Amino acid sequence: LAAIAGYYGEGNFRRLRQEACRLYYGAGWAGKDSMASYLWYLEDSFMKTPDCLGWGIGSQIGKCLANFPEYGEKLTNCLANAEAAAAAAGDARGLAHVRREREMFGMTWLDGYRSYVENYREHDVFAKKGEITVDGVLDEQDWAAAKPLDGFKRPPWNGRVPAEVQTVAKIVRSKETLYFAVECLEPTMDKRVAKAKIDPAHPWKGFGDHIELFYQYPDMAEKCYHLMINSEGQSFCGIQVTPANFDGNFTTRAQVAVRRLADRWIAEVAIPTSEIGMQCFDGASWRANVARQRVTTDAPPEGSSAANGVFNGTSNHVNLKFR
């Protein structure tokens, strides 16, 4: 739209746009709180919504109505008024277009709003102020000041209910490093199932009790880095090309330390941004997920994640805001 406006001039562009809408919506266009007002509310809420709405697949358009909740009713009323005006004027063509607009509004903005309220998560990630030693001991001030990423839930097919055994993650950054600290609560530490050594050819087989870190920056679209760490300190990494396509040829230089306590195990991780291809700049928005597969001898395996129970699919992941 900006390019078209620049070509025709702002005034001419708006005049042409108004004329096109008048012809398209017919009798539903003009009048108080009709399609003209409807499009204004859409544009106004979109342009005034702060921060990044997302990128590519899964962009959270529902965030607009979350920021301007009064617009939801106004937009719905505008569509109803436009439909009534077109019907009263006997304008079948305009009526069909208004009804199609209402259908699309429900499928995009309203469904997006419901999805945003139920599932969308944003998480502030602060720049570190001191040194962090990757040793599994989270005694640095930066970890104390970091915002917890908690409330892990089971997957959708298990009802998205809170996990029976919870996990808490924290994320800190410098421009050159992305840090994760994950505390996996565990009431039966002696019953964990995890291999101290893994088969390099098939590292995921028998990996057992473990966490999974997913992280990516916007230009990666649906791809993301995927690092798995078990409670014995074994790890392997790859690139998740799609939820069903894992490229295991990538080798990470991340520092990983696992520490086991009486009631939990802790994984502390430092990932160099040089291997990711993008530094952690102030104000940037990335996506990440922290998931856990708990495996013990005395209970069925329990999967859970910070992204409302979902493991794969970057459009489902938590939006990181680098503050």
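See above for the structure.
Of note, Arg-160 is a non-glycine position whose phi angle comes to about 55°, a positive value. Position of Arg-160 among the secondary structure elements: in the loop between α7 (141–145) and β2 (167–173). Residue Arg-160 is classed as partly exposed on the basis of its relative accessible area, which comes to 29%. For Asn-308, which is not a glycine, the phi torsion comes out positive at approximately 55°. Mapped onto the elements of the fold, Asn-308 is located in the loop between β11 (299–305) and β12 (318–322).

This part covers the nonpolar core. If you look at the biggest cluster of nonpolar residues, it comprises 36 residues, and the most contacted ones within it are Leu-178, Phe-180, Leu-213 and Tyr-215. Mapped onto this core, the elements with two or more residues apiece are β2, β3 (177–185), β4 (210–216), β5 (224–230), β6 (235–242), β9 (264–272), β10 (285–296) and β12. Setting aside anything within four residues of it in sequence, one finds Phe-180 in contact with Trp-143, Lys-170, Ile-171, Leu-213, Tyr-215, Ala-267, Glu-268, Val-269, Ile-271 and Val-290. Among the nonpolar cores identified, the runner-up in size contains 19 residues, and Tyr-25, Leu-39, Leu-79 and Ala-82 belong to it.

Right, let's talk about the pairing of strand β1 (residues 122–127) for a bit. Bridging between β1 and β12 involves four bridges; their strand directions are parallel. By the bridge assignment, His-123 is partnered in β12 with Leu-320. Two elements, β1 and β2, share two bridges in a ladder whose sense is parallel. Residue Phe-126 lies in a different strand from β2, and its bridge partner there is Val-172.

Let's shift gears to the packing of aromatic side chains. Following the criterion strictly, the structure yields 13 aromatic pairs and no others. Ring plane angle 10° and centroid distance 6.2 Å describe the contact between Tyr-25 and Trp-29, whose orientation is recorded as stacked. Both residues of the pair, Tyr-25 and Trp-29, count as buried. Through pairs of rings, three or more aromatic residues link up here, namely Trp-40, Tyr-41, Phe-68 and Tyr-71.

For the structure on display, the rule yields zero disulfides. The thiol of Cys-21 is unpaired, and the distance to the nearest cysteine sulfur, on Cys-78, comes to 13 Å. Classification of Cys-21 as buried rests on a relative accessible area of 12%. The thiol of Cys-224 is unpaired, and the distance to the nearest cysteine sulfur, on Cys-237, comes to 9.4 Å. Residue classification places Cys-224 among the buried residues on the basis of a relative accessible area of 2%.

One pass over the structure, following the stated rule, counts 19 salt bridges. One salt bridge in this structure joins Lys-48 and Asp-44, with 3.2 Å as the shortest N-O distance. Taken together, the residues span about one helical turn, with Lys-48 and Asp-44 both in helix α3 (residues 35–48) at a distance of four residues. For Lys-48, a relative accessible area of 51% puts it in the exposed group. Its relative accessible area of 11% is what places Asp-44 among the buried residues. In this structure, Arg-114 and Asp-111 form a salt bridge, with 2.1 Å as the shortest nitrogen-oxygen distance. In this pair, Arg-114 and Asp-111 both sit in helix α6 (residues 92–119), three residues apart, roughly one turn of the helix. Note on Asp-111: relative accessible area 36%, which makes it partly exposed.

Reading the values: rules and limits
Residues numbered from 1 in each chain as written. Predicted model: local features only at pLDDT ≥ 70, side-chain atom pairs only at ≥ 80, totals over all residues. Heavy atoms only, no water. Helix = DSSP H or I, 4+ residues; strand = E, 2+ residues; numbered from the N terminus. Buried < 20%, exposed > 50% of the residue type's maximum accessible area, 1.4 Å probe, protein only. Core = buried A, V, L, I, M, F, W, Y, C linked by side-chain atoms within 4.5 Å. Contact = heavy atoms within 4.5 Å. Pairing = 2+ DSSP bridges. Phe/Tyr/Trp six-rings, centres within 6.5 Å; stacked < 30°, edge-to-face > 60°. Disulfide = S-S within 2.5 Å. Salt bridge = Lys/Arg side-chain N within 4 Å of Asp/Glu carboxyl O.

Bear in mind that shape data such as this cannot, by itself, settle questions of function.
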